[in-house]
Amino acid sequence: MKVASIKSGRDGQLYVVNNALTKMVDATDIAPTMQAALDDWENIETQLEARFEQLESGELAGVNFDQTACHSPLPRAYQWADGSAYVNHVELVRKARNAEMPATFWTEPLMYQGGSDTFLAPHAPILMPQSEGFGIDFEAEVAVITGDVPMGVSSKDALNYINLVMIVNDVSLRGLIPGELAKGFGFFQSKPSSAFSPVCVTPKALGNAWNTGKLALPLCSRYNHELFGKPNAGIDMTFHFGELIAHAAKTRPLAAGSIIGSGTVSNKLNDGPGKPVTQGGVGYSCIAEIRMIETIENGQASTPFMSFNDNIQIEMFDENGQSIFGQINQDVVQAQ
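Residues numbered from 1 in each chain as written. Predicted model: local features only at pLDDT ≥ 70, side-chain atom pairs only at ≥ 80, totals over all residues. Heavy atoms only, no water.

1. Thoughts on the overall build of the protein
Helix and strand counts for the protein come out as 7 helices and 21 strands. The C-alpha atoms of the protein give 19 Å as radius of gyration, which agrees with the globular expectation for 336 residues (20 Å, within 12%). Viewed in the frame of its principal axes, the protein has a C-alpha envelope of about 60 × 45 × 40 Å. In the protein, which comprises 336 residues, the share counted as buried stands at 54%. A sequence separation of at least 24 residues applies to 73% of the contacts in the protein between residues at least 6 apart. When the accessible area of the protein is evaluated, it comes to approximately 14,700 Å², of which 48% is carbon and sulfur surface. (Helix = DSSP H or I, 4+ residues; strand = E, 2+ residues; numbered from the N terminus. Rg over C-alpha atoms; globule rule 2.2 N^0.38 Å. Buried < 20%, exposed > 50% of the residue type's maximum accessible area, 1.4 Å probe, protein only. Contact = heavy atoms within 4.5 Å. Areas by Shrake-Rupley, 256 points an atom, 1.4 Å probe, with all protein chains shown as cover.)

2. Things to note about helix α2 (residues 41-57)
An α-helical turn contains 3.6 residues, so a residue and the one three or four places further along point in the same direction. For α2, with 17 residues, the first-to-last C-alpha span of 23 Å sits near the 24 Å given by 1.5 Å per residue. Within the span of α2, buried status applies to Trp41, Ile44, Leu48, Glu49, Arg51, Phe52 and Leu55. The inward-facing, buried residues of α2 abut β1 (2-6), β2 (13-17), β3 (23-26), α1 (34-39) and β11 (162-169). Directly beyond the C-terminal end of α2, a positive phi value near 95 degrees is found at Gly58. (Expected span 1.5 Å × (residues − 1).)

3. Here's the deal with a negative patch on the surface
The grouping of Asp39, Asp40, Glu42 and Asp148 at the surface amounts to a negative patch. One can find Glu42 in helix α2. (Patch = residues over 30% accessible without salt bridge, like charges linked within 9 Å, V, L, I, M, F, W, Y side chains within 5 Å. Salt bridge = Lys/Arg side-chain N within 4 Å of Asp/Glu carboxyl O. Lys, Arg positive; Asp, Glu negative; His and termini not counted. Charge placed at Lys NZ, Arg CZ, Asp CG, Glu CD.)

4. Regarding the side chain of Thr146
Relative to the elements of secondary structure, Thr146 occurs in strand β10 (residues 140-146). Setting aside residues up to four positions removed in sequence, Thr146 forms contacts with Leu38, Tyr161, Asn163, Ile245, Ala255, Ala256, Gly257, Ser258 and Ile260.

5. Let's talk about the environment of Tyr86
If you trace the backbone, Tyr86 turns up in the loop between β6 (79-83) and α3 (87-96). For Tyr86, a relative accessible area of 1% gives the class buried. Look past the residues within four positions of Tyr86 in its chain and what remains in contact with it is Ala233, Ile235, Asp236, Met237, Ser262, Gly263, Thr264, Val265 and Ser266. Separated by 2.5 Å, the side chain of Tyr86 and the backbone oxygen of Ala233 make a polar contact. (Polar contact = N/O pair within 3.5 Å; in protein donor to acceptor, adjacent residues only side chain to side chain.)

6. Thoughts on the environment of Met306
With respect to the helices, strands and loops of the structure, Met306 is situated in the loop between α7 (287-298) and β20 (311-316). Between the C-alpha atoms of Met306 and Ser131, which are 175 residues apart in sequence, the distance is 7.3 Å. When near neighbours in sequence (up to four residues on either side) are disregarded, Met306 contacts Ser131, Ile136, Asp137, Phe138, Tyr223, Ile287, Ile312 and Val332.

7. Section: helix α6 (residues 241-248)
Among the 8 residues that make up α6, 6 are buried, leaving the element largely enclosed by the rest of the structure. Every buried residue belonging to α6 is among Phe241, Gly242, Leu244, Ile245, Ala246 and Ala248, and all of these are buried.

Everything listed here is a matter of coordinates, which is why it stays silent on function.
Next comes the structure, spelled out in structure tokens:
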């Protein structure tokens, strides 16, 4: 099943979308918003699945699905916690800084609590007051939306609380991160609003690609319309989503509608850094990663961060080449 929030008011209106992402049907009679559906998911999911089957079979004709009419599935959320499940990415960051990586990074996830009050629509611009010095970067990730998760849940049981899956552009301002982290209090200004995919899907709808809390498909990033990365999200994921959720819920419960991110999808190559797509590799899910490799290999980075009018497109396809979540498509625009 696929669902979306069509732009309307602050929280959108709930629609069911067909597998081909060509048709949609109103579901506000079942639940007015995505959050309302998540609040009563045990009862609502069955009704939404039935509506989805009617749309798929042609029993309901629906209307044309327009991705530009979508907000992020949750236009605002009670919780947005982003992990760093691909430790290869973290390892490269540390190596580029000539810093040792603590052994605990391989046994306990890193996680930060992001701003969840102003998510961007998947086709909305990334508005920035300036580009120079901010180090504007995209980060292509996978994310899940949970139901009500009890405190102290095990990583195995945590998988049962994943209601929906989506992809995300976790925008980062690399030029601001070092100064903020040096204060010892974590990200704030360096992590502006993120954008999520036009639709989210149930784990069941992902078929064999969803296995033990991992989504084993390439996540494709096209930067200024050129393929920048296609790493497989199921490879080199040190911590699966059950482990990430259990980490977030260690000392507190999570409310229905909590979003947990995977961190930047990153693949190794022969136990070393990955190579660019142009050199036969799977590329990268953010600019920072190629800059780290350039620094390690050449002593300095040469790839610039994003500037005004740059474009990023993030999308995932199934084995038949069908887009699963729709496309995140954003331009960097100067705020007026």
